[in-house]
Amino acid sequence: MFRLVLHTPEIPPNTGNAIRLAANTGVELHLVRPLGFSLGERAVRRAGLDYRDLAEVVVHESGAAFASWVTERDARVYAFTPDGTARHTDVAYRAGDVLLFGRESTGLPAEVAHAPWVTGRVRLPMRPSNRSLNLANAAAVAVYEAWRQHDFGTTCS
């Protein structure tokens, strides 16, 4: 299946919602530290409800650890950024692809969005006068497009 990565998220309910998204779609959820909260924090638990045990969550201790993990797997990584060169619907997603999102306040750091292991930068269309989507909502849009391309199957081949 696909891998959803939240790079240094700050807001507990967004991560809780991403846990729920992962449980309901079968994506692996990866979190890159530092996190702006504790994973045991009440807001994460409340948003994730009882889905935590149904989701596969991997925590990377740092951006460097995540970069090593990606490089070792030779995974395709799509960084979601406002200046992405392709729309999220223009990508032909494959099993194992990584959908990478930045923190709520600042997005992905430039050194991550433009890292040599990033396959491409992708954007979600929005009205030009607006700043951004909520992180959990943006992640859901991307995950569902990738999953739709595989006819909502439980595995991708």
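The model shown is predicted, which means the values in this text are computed figures rather than measured ones.

**Thoughts on the packing of helix H1 (residues 12–25) against helix H5 (residues 135–148)**
Phase 1: Here H1 crosses H5 at 15°, and the two axes come no closer than 9 Å. Between H1 and H5, the angle is such that the two are roughly parallel. Here the hand of the crossing between H1 and H5 comes out right-handed. Residue-level contacts link Asn-14, Asn-17, Leu-21, Asn-24 and Thr-25 of H1 to Leu-135, Ala-136, Ala-139, Ala-140, Val-143, Tyr-144 and Trp-147 of H5.

**Things to note about the sheet that holds strand E7 (residues 120–123)**
Phase 1: Strand order in the open sheet formed by seven strands is E3-E2-E1-E6-E4-E7-E5, with parallel pairing between adjacent strands. Each having just a single partner strand, strand E3 (56–60) and strand E5 (86–87) make up the two edges of the open sheet.
Phase 2: Bridge count for strand E1 (residues 3–7) against strand E6 (residues 98–101) is four bridges, and the pairing is parallel. Note on E6: the bridge partner recorded for Arg-3 is Val-98.
Phase 3: Contacting E1, strand E2 (28–32), E3, strand E4 (77–80) and E6, helix H3 (residues 63–73) runs over the sheet at an angle of about 155° to E1.

**Observations regarding the packing of aromatic side chains**
Phase 1: Counted by the stated rule, this structure contains six aromatic pairs.
Phase 2: With a centroid separation of 6.2 Å and 20° between ring planes, the pair formed by Phe-66 and Trp-69 is classed as stacked. Within this pair, Phe-66 and its partner Trp-69 are both found in helix H3, separated by three residues, close to a single helical turn. Each member of the pair Phe-66 and Trp-69 is classed as buried.
Phase 3: Where Tyr-78 meets Tyr-93, the ring centres are 5.9 Å apart and the plane angle is 80°; that geometry is what we call edge-to-face. Here the residue Tyr-78 occupies a position in strand E4, and Tyr-93 occupies one in the loop between E5 and E6, the gap between them amounting to 15 residues. Taken as a pair, Tyr-78 and Tyr-93 share a single burial class, namely buried.
Phase 4: Following the ring pairs from residue to residue traces out a cluster consisting of Phe-66, Trp-69 and Trp-117.

Cut-offs applied
- Residues numbered from 1 in each chain as written.
- Predicted model: local features only at pLDDT ≥ 70, side-chain atom pairs only at ≥ 80, totals over all residues.
- Heavy atoms only, no water.
- Axes fitted to C-alpha atoms, helices over the stretch in contact; angles between N-to-C directions.
- Helix = DSSP H or I, 4+ residues; strand = E, 2+ residues; numbered from the N terminus.
- Parallel < 35°, antiparallel > 145°, perpendicular 65-115°, else oblique.
- Left-handed = near helix turned anticlockwise from the far one by under 90°.
- Contact = heavy atoms within 4.5 Å.
- Pairing = 2+ DSSP bridges.
- Phe/Tyr/Trp six-rings, centres within 6.5 Å; stacked < 30°, edge-to-face > 60°.
- Buried < 20%, exposed > 50% of the residue type's maximum accessible area, 1.4 Å probe, protein only.

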